[in-house]
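# Coordinates in review
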Amino acid sequence: MIDIDELEQLVKTRRSIRQWQEKDVPEEVLKKALEIAVNAPSGMNYQGWKFIVVKNKEKIEEIADSVKNRIRMFAQWPEAAKYIDDPEKMVENAGFFKKAPVLIAVYSQIYPSGRDGVYLERMSHDEEAKKMKSWLDLANPRIQSAASAIAYLLLGLHAQGLGSVWMTGPMQAKGDIEHILGEFEGYDLVALIATGYPAETPKEKKMRPFDELVQFVE
Ligand SMILES: Cc1cc2nc3c(=O)[nH]c(=O)nc-3n(C[C@H](O)[C@H](O)[C@H](O)COP(=O)(O)O)c2cc1C
């Protein structure tokens, strides 16, 4: 079993990396990290995830361009000038992962739950059922399961010297990315992970005080 201090060190030294060396990432390294990811806990142990690993440069560029195009559309909406300080900067940054050596697309599977049928029937006439369903929806086990696998994946990559970034921003181009990578019946793209050997050292990150984040109840 791994030493707790080593685990803490691994977790605390993992940072989001957004610039990479051109160096190739061997398939065994990616497989090892993905093996760790698929062992993450999931709701009902459904393991409803699919990881599509892309090393093809043109495909990664095509995906980055599709994201940039969507953000360009967004930046041109009159509402953007109202709410966003510098919409043009958003467009500039949108496809930053274009030169990533590897892109891992994370898909999440819809899982059929008998519970949904019960709520669907009751919600129209039972306020308590409606409230309970809204509480349950907030917890979104499908997304939490994908997130647990992604967290493990990032650590698995980091432990092998890779630097990665977890991205949900590109989901604004979900349909376009799925068109490029292929659609999988019953699955939705929920995140992209760009990875490779790091070519930057991120600045120290600000941490909120631990006591503000954790409370023990008597
Ligand atoms: C759910 C989620 C979505 C994220 N989406 C993006 C993204 O779209 N683009 C990006 O550059 N970073 C994204 N990040 C990375 C965060 O900005 C980063 O984790 C955070 O600033 C803390 O920095 P650290 O990862 O170096 O500890 C995302 C992280 C999470 C957990």
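The model shown is predicted, which means the values in this text are computed figures rather than measured ones.

Each helix and strand counted, the protein chain has ten helices and four strands in total. Written out in order from the N terminus, the α and β elements of the protein chain read α-α-β-α-α-α-β-α-α-α-β-α-β-α. Dimensions of the protein chain along its principal axes, counting C-alpha atoms only, are 60 × 55 × 40 Å. Counting the 218 residues in the protein chain, one finds 35% classified as buried. Restricting the contact set of the protein chain to residue pairs at least 6 apart, pairs at least 24 apart contribute 82%. Carbon and sulfur atoms provide 54% of the accessible area of the protein chain, an area that totals close to 14,400 Å². If the 29 positive side-chain charges of the protein chain are averaged to one point and the 34 negative ones to another, these points end up 2 Å apart.

This part is about the site of the ligand. If you check the shell around the ligand, you find Arg 14, Arg 15, Ser 16, Arg 18, Phe 96, Val 165, Trp 166, Met 167, Thr 168, Gly 169, Pro 170 and Lys 205 and nothing else. In this structure, Ser 16 approaches the ligand through a side-chain N or O atom, which is 2.6 Å from an oxygen atom. Residue Thr 168 places a main-chain N or O atom 3.1 Å away from a nitrogen atom belonging to the ligand. The protein chains hide 62% of the 620 Å² of surface that the ligand would expose on its own. Among the residues making up the shell around the ligand, the classes are represented as five nonpolar, three polar and four charged.

Attention now goes to the nonpolar core. Core analysis: the biggest nonpolar cluster contains 28 residues, and Ile 63, Phe 97, Leu 103, Ile 177, Leu 192 and Ala 194 have the highest contact counts within it. Only β1 (49-54), α3 (57-76), α5 (87-94), β2 (102-109), β3 (163-167), α9 (174-181) and β4 (187-196) provide two or more residues apiece to this core. For this core, the element with the most residues is α3, which contributes six residues. With 23 residues, the next largest nonpolar core counts Leu 34, Trp 49, Ala 146 and Tyr 197 among its residues.

Moving on: unusual backbone geometry. Even without glycine at this site, Met 44 takes up a positive phi of about 55 degrees. Following the sequence through the fold, Met 44 ends up in the loop between α2 (27-37) and β1. Classification of Met 44 by relative accessible area gives exposed; the value is 58%. Positioned with a positive phi, Asn 140 is a non-glycine residue whose angle comes to about 30 degrees. Assignment of secondary structure puts Asn 140 in the loop between α7 (127-139) and α8 (141-158).

What counts as what
- Residues numbered from 1 in each chain as written.
- Predicted model: local features only at pLDDT ≥ 70, side-chain atom pairs only at ≥ 80, totals over all residues.
- Heavy atoms only, no water.
- Helix = DSSP H or I, 4+ residues; strand = E, 2+ residues; numbered from the N terminus.
- Buried < 20%, exposed > 50% of the residue type's maximum accessible area, 1.4 Å probe, protein only.
- Contact = heavy atoms within 4.5 Å.
- Areas by Shrake-Rupley, 256 points an atom, 1.4 Å probe, with all protein chains shown as cover.
- Lys, Arg positive; Asp, Glu negative; His and termini not counted.
- Charge placed at Lys NZ, Arg CZ, Asp CG, Glu CD.
- Near = heavy atom within 4 Å.
- Polar contact = N/O pair within 3.5 Å; in protein donor to acceptor, adjacent residues only side chain to side chain.
- Nonpolar A, V, L, I, M, F, W, Y, C, P; charged D, E, K, R; others polar.
- Core = buried A, V, L, I, M, F, W, Y, C linked by side-chain atoms within 4.5 Å.

By themselves, these are just geometric observations and shouldn't be taken as functional.
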